[in-house]
Amino acid sequence: MRTRRVIAGIGIFGLAAAGAALALAWRPAIAPVPPPAPASFDPALVRRGADLALIGDCRTCHTTSGGAAFAGGLPLPTPFGTLYSTNITPDPETGIGRWSEAAFARALREGVDREGRHLYPAFPYDHYSATSDDDVRALYAFFMTRPAVAATPPPNELPFPLNIRLTLAGWKLLFLHPRDLAPDPTKDAVWHRGRYLVEGLGHCGACHSPRNLLGAEVVSRAYEGGEAEGWRAYALGAASRAPVPWDEAALTQYLREGFHPLHGVARGPMAPVVENLAAVPREEVVAMARYLASLGAGSGTATPPLDPSSGPGQAPQSAGMQAAIEGAGTDLYAATCAACHEGERPPPFGGVSLALSTAISGESPRNLVNVILEGLPARGGTGQPIMPGFGAVLTDAQVASLAAGLRRRFGGGAPWPDLEPAIREARAARHLAARPAAAITPAMTPAMTR
Ligand code: HEC
Ligand code: HEC
Ligand code: HEC
């Protein structure tokens, strides 16, 4: 209901704004060019473009799971409807093979395609607009030298009037502004590089900043935390609620390795970001970490270190665990989680102390609920999960009492008010039906104690 009203509001508003901006709205087509020969690009420029494409996560959005790289078609759910990424391989008919560098640059910086149509800001051109001429050239060289793949994405699924691209002209008038990247004489070159990457190609704020009802980032509240595909992208910088404050070294390690012993693993939509950053030159990631660290680190919410004698520290036995889960008033944490999270095995594959996790100290219970229900997949998606999911064996009431208990015990924050809806939404988004606790199967046990 509320969503529908919001959509209608956006539509009317967008139309009005678009009407007012009609004179500005129309963009000319840029003439097609013969597809440039791959050999015409300097290999060093292509390599540079490959790194920039990793920082920009281009492959993550423009590739379906199991599909050809950059051939598009990945569905991107937004609060307004589903968009599909496009084919950005150099195929002349279905991709960008006939795009000149000028057309490519305009798409990246202004969100306008070669034929002059406005593009939806799910493509984060509000960040990419900061990209320098040299870096656009390198990206162009990289994409024009990829294998061409013929593929057309499914049509976008947006309600009227949002399906009219002209409404985007109004949106852009309001929200597409150049980022203020004026030099700061008190900062070094590494910090400036980091700011350029974080605010620009890295588009970190696309997930980590809150958005307004029209889907635009609220610039005055940058990095105060946002939503991404059913996950919470935690607050970064001064608003961070990480139990141990982040610093440059910890950020560098987390962004490159996807894990830090005082912060845990990167999950959900953050997982591909760190997989991409693992492959770019280290100094680029150091620069990003330096800039982020300069935004502050919160005051830390860490509760005193865990007293190991407070938990059972015993591996749960299958039958015993089932009895424990079923038993009224049992400590679910002690029965199902402590063996790994207070165990002997070093992280990342032994779980970190939950007193260190922003999933529990953070602004929203959503990620904790996601992890409890679904577990954590193996790195790279193959092999045994690193943490089993409990969606099939815990009822909603059990998940709620477990999450509330963890918040009380380790979180150092006020109780979450929105726990039950978060559990319902997480189940619905993942198609995980609640089952009675008795459904626990012995087959789960090896994964749990591994
Ligand atoms: C968060 C997801 C996302 C990321 C990251 C992303 N794109 Fe896109 N991109 C899209 C979507 C969605 C569209 C289609 C928008 C539309 O239909 O209006 C698009 C459209 C484009 C287009 C226009 C193509 C056409 O045929 O109209 C180009 C060019 C493009 N992206 C290049 C890139 C490059 C280069 C990068 C990396 C620097 C990148 N994209 C990263 C989602 C993304
Ligand atoms: C597609 C959305 C998305 C993008 C883009 C993104 N993040 Fe994240 N990020 C998330 C989510 C979701 C989480 C929470 C993941 C989790 O629970 O492990 C997260 C977690 C983090 C954390 C851990 C915070 C904490 O307190 O535990 C850091 C640091 C971080 N991101 C930095 C970045 C940086 C730097 C960038 C840009 C290079 C970035 N992120 C881009 C979605 C995103
Ligand atoms: C088989 C061992 C195992 C069991 C059992 C287990 N976990 Fe985990 N868990 C892990 C591993 C490994 C990780 C990844 C390393 C890390 O980040 O802690 C993890 C990560 C997490 C995280 C993310 C921590 C962070 O911020 O990085 C949370 C939250 C979590 N587990 C909660 C639970 C809860 C609640 C239970 C009980 C219902 C549980 N786990 C049971 C192994 C386990």
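A quick note: this is a predicted structure, and the numbers were derived from the prediction, not measured.

Peer 1: For this particular structure, what's the right way to read the coordination of the iron atom of ligand 2?
Peer 2: Tetrahedral coordination by four donors puts the ideal angle at the metal at 109.5 degrees, and octahedral coordination by six puts it at 90 or 180 degrees. Of the protein atoms, only His208 (NE2) and Met270 (SD) coordinate the iron atom of ligand 2, at distances of 2.0 to 2.3 Å. Note that the iron atom of ligand 2 binds six donor atoms; their angles at the metal cover 89 to 179°, and the shape is octahedral. Separated by 62 residues along the polypeptide, His208 in helix α10 (residues 205–208) and Met270 in helix α12 (residues 270–277) bring together distant segments of the chain. Residue classification places His208 among the buried positions, given a relative accessible area of 12%.

Peer 1: Can you help me understand the site of ligand 3 in this one?
Peer 2: Around ligand 3 lies a shell of 28 residues, among which Cys337, Cys340, His341, Ser357 and Met387 are the nearest. In this structure, a nitrogen atom belonging to ligand 3 sits 2.8 Å away from a side-chain N or O atom of His341. Residue Ser357 places a side-chain N or O atom 2.5 Å away from an oxygen atom belonging to ligand 3. Looking at the shell around ligand 3, the elements that each hand over two or more residues are β6 (264–265), α16 (338–341), α18 (366–374), α19 (396–411) and α21 (444–449). Of all the elements, α18 adds the most residues to the shell around ligand 3, at three residues. Its residues assigned to classes, the shell around ligand 3 comprises 20 nonpolar, seven polar and one charged. For the shell around ligand 3, the two domains that each supply at least three residues are domain 2 (189–293) and domain 3 (308–449).

Peer 1: What am I meant to see in the confidence of the model for the protein chain here?
Peer 2: As a note on interpretation, predicted positions should not be read in detail where pLDDT is low. Scored by pLDDT, the protein chain has a mean of 86; 83% of the residues are at 70 or more. Segment residues 435–450 is flagged for pLDDT under 50; beyond a separation of four residues in sequence, or across chains, it makes 37 contacts in the model.

Criteria and thresholds
Residues numbered from 1 in each chain as written. Chains lettered and ligands numbered in written order. Predicted model: local features only at pLDDT ≥ 70, side-chain atom pairs only at ≥ 80, totals over all residues. Heavy atoms only, no water. Donors = N, O, S within 2.8 Å, 3.2 Å for Na, K, Ca; no water. Tetrahedral: all angles 85-135°; square planar, octahedral: opposite > 155°, others 65-115°. Helix = DSSP H or I, 4+ residues; strand = E, 2+ residues; numbered from the N terminus. Buried < 20%, exposed > 50% of the residue type's maximum accessible area, 1.4 Å probe, protein only. Near = heavy atom within 4 Å. Polar contact = N/O pair within 3.5 Å; in protein donor to acceptor, adjacent residues only side chain to side chain. Nonpolar A, V, L, I, M, F, W, Y, C, P; charged D, E, K, R; others polar. Domains from an automatic or database assignment. pLDDT = per-residue confidence, 0-100. Contact = heavy atoms within 4.5 Å.

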